[in-house]
Amino acid sequence: MMEFQKTPGWLDWYSGPSKPKFKLPAGAVDAHCHVFGPGAEFPYAPERKYTPCDASKAQLYALRDHLGFSRNVVVGATCHGTDNRATVDALLHSNGKARGVASVKRTVTDEELQAMHDAGIRGVRFNFVKRLVDFTPKEELMEIATRIAKLGWHVVIYFEAVDLPELWDFFTGLPTIVVVDHMGTPDVKLPVDGPQFQLFLKFMREHPNVWSKVTCPERLSATGAPALNGEQNAYQDVVPFAKAIVEEFPDRVLWGTDWPHPNLKKHMPDDGLLVDFIPHIASTPEQQQKLLVDNPMRLYWPEEKI
C-alpha cells in the first residue's frame, strides 16, 4: 500500500452535487472527465507535478447517473504520466459506457496500442501546459500521432492561448482529428473579438479537422459567479467565448464536466450547476443534441449509428 500526500491547497471534488435543472438529451455523453487512482491501487507517477485527491471509477459513474449522462469519455490525467492503467481499468468496468484518451511515449508497442484500443481508448493527449508537464519533443509527438492515426484515434491537445502562435505549425501538421481542451484556455478578461480569441477561431475555421471542448468555465472565469449555492448564471464572462464556438462550429464541439476538477484552488463547483451552464452556451435543442450526443458518439462510438 502506497500513501500519497495531497498537494497543499488542493480542493477535493464537491460531494452531494445538486440535480441539474437542465434536462440532458437522451444519450448525453460527459466527454471530458478523469479518474485519479485510487493511489493505493494505481499509484501516481513519480514525475508528477501534483498529487490529487483520489477519485475512483465508482464515484465517477455514480456522478454520471446522478447528473443524467449515459456515457463518459475518461481522459488520462497528468498525475498518472503515461501509466494508463487507471483509465483502462475504468473503461473495462464501464459496461461499454465509457471510452478513453491515453498518454503514451514513443516506446509504446503496437501490441500495447491494440490492447488499449480493445479496452476503449480512442485518442492520445498531448499536454503543452508547462506548469503541468515537462516538454516532449515535437518529433516524438508527431511519430506517436502518425502511429495512432492507423487505429482511427485522434489527438487531444491541451495548451494555453498565448502559446498558440508558436504551436500553430505543429498542430496543423497533425494527421488526425485534433480536439482542443477547454477552448485553448482563452484569457476571458480580453475581448471575445480581440486578437487572441479570434486567432483560435481562425485556427478552427481554416482546419476542419480541429474540434474544441467548450469546457471548464470554472477554470477560465475571472469575474463570473461560481457554480455554487444554486447559482443559475455562473461564469457569465465565459459564455460569449463558448457560445461563439458552438454557434460557428456546431458539429465540432464537445462538453464535459472535467470531474474531479484537477488543480482548482479557489472554489470547487457543484457539478449539477455546471450542467446548468450548458443551455447558456448551446441555446437550442439542435445545438444541445450535437454537443452532447451526436458529436461525442461520432468521435468515440463511430460503430454505433445514431
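Structural data are supplied above this passage.
Residues numbered from 1 in each chain as written. Predicted model: local features only at pLDDT ≥ 70, side-chain atom pairs only at ≥ 80, totals over all residues. Heavy atoms only, no water.

**Student:** Report on the packing of aromatic side chains, specifying residues and quantitative values.
**Tutor:** Applying the stated criterion across every chain yields a total of 15 aromatic pairs. When the ring of Phe 4 is compared with that of Tyr 44, the centres are 5.0 Å apart and the planes differ by 75°; the resulting orientation is edge-to-face. With a gap of 40 residues between them, Phe 4 in the segment before strand 1 (29–33) and Tyr 44 in the loop between strand 1 and helix 1 (57–67) connect regions that are remote in the sequence. Given the relative accessible area of 4%, Tyr 44 is considered buried. Judged by centre distance (6.0 Å) and plane angle (65°), the rings of Phe 128 and Phe 170 are edge-to-face. With Phe 128 in the loop between strand 4 (121–127) and helix 4 (138–149) and Phe 170 in helix 5 (residues 164–172), this residue pair connects regions lying 42 residues apart in the sequence. Grouping residues by exposure puts Phe 128 and Phe 170 together as buried. Aromatic rings pair up to connect Phe 128, Phe 159, Trp 168, Phe 170, Phe 171, Phe 197, Phe 200, Phe 203 and Phe 241 into one cluster. The ring of Trp 301 has Arg 71 sitting right over it, with the charged end atom 4.8 Å from the ring centre. (Phe/Tyr/Trp six-rings, centres within 6.5 Å; stacked < 30°, edge-to-face > 60°. Helix = DSSP H or I, 4+ residues; strand = E, 2+ residues; numbered from the N terminus. Buried < 20%, exposed > 50% of the residue type's maximum accessible area, 1.4 Å probe, protein only. Lys NZ or Arg CZ within 6 Å of the ring centre and 35° of its normal.)

**Student:** Tell me about the pairing of strand 4, and name the residues and values.
**Tutor:** The element strand 4 is largely enclosed, with a buried count of seven among its seven residues. Each parallel crossover has a hand, and for strand 3 (residues 98–102) linked through helix 3 (residues 110–119) to strand 4 it is right-handed. In the sheet, strand 4 pairs with strand 5 (residues 154–158) via five bridges, with the strands oriented parallel. Within the sheet, the bridge partner assigned to Val 124 lies in strand 5 and is Val 155. (Right-handed = clockwise from strand over helix to strand, strands pointing away. Pairing = 2+ DSSP bridges.)

**Student:** Can you explain the packing of helix 6 (residues 195–206) against helix 8 (residues 239–248)? Please cite residues and give values.
**Tutor:** The contact between helix 6 and helix 8 brings their axes to 12 Å, and the two run at 20°. On the basis of the axis angle, helix 6 is roughly parallel to helix 8. Helix-helix and strand crossings are classified by hand; for helix 6 and helix 8 the assignment is right-handed. Of the residues in helix 8, those in contact with Phe 197, Phe 200, Leu 201, Met 204 and Arg 205 of helix 6 are Phe 241, Ala 244, Ile 245 and Glu 248. (Axes fitted to C-alpha atoms, helices over the stretch in contact; angles between N-to-C directions. Parallel < 35°, antiparallel > 145°, perpendicular 65-115°, else oblique. Left-handed = near helix turned anticlockwise from the far one by under 90°. Contact = heavy atoms within 4.5 Å.)

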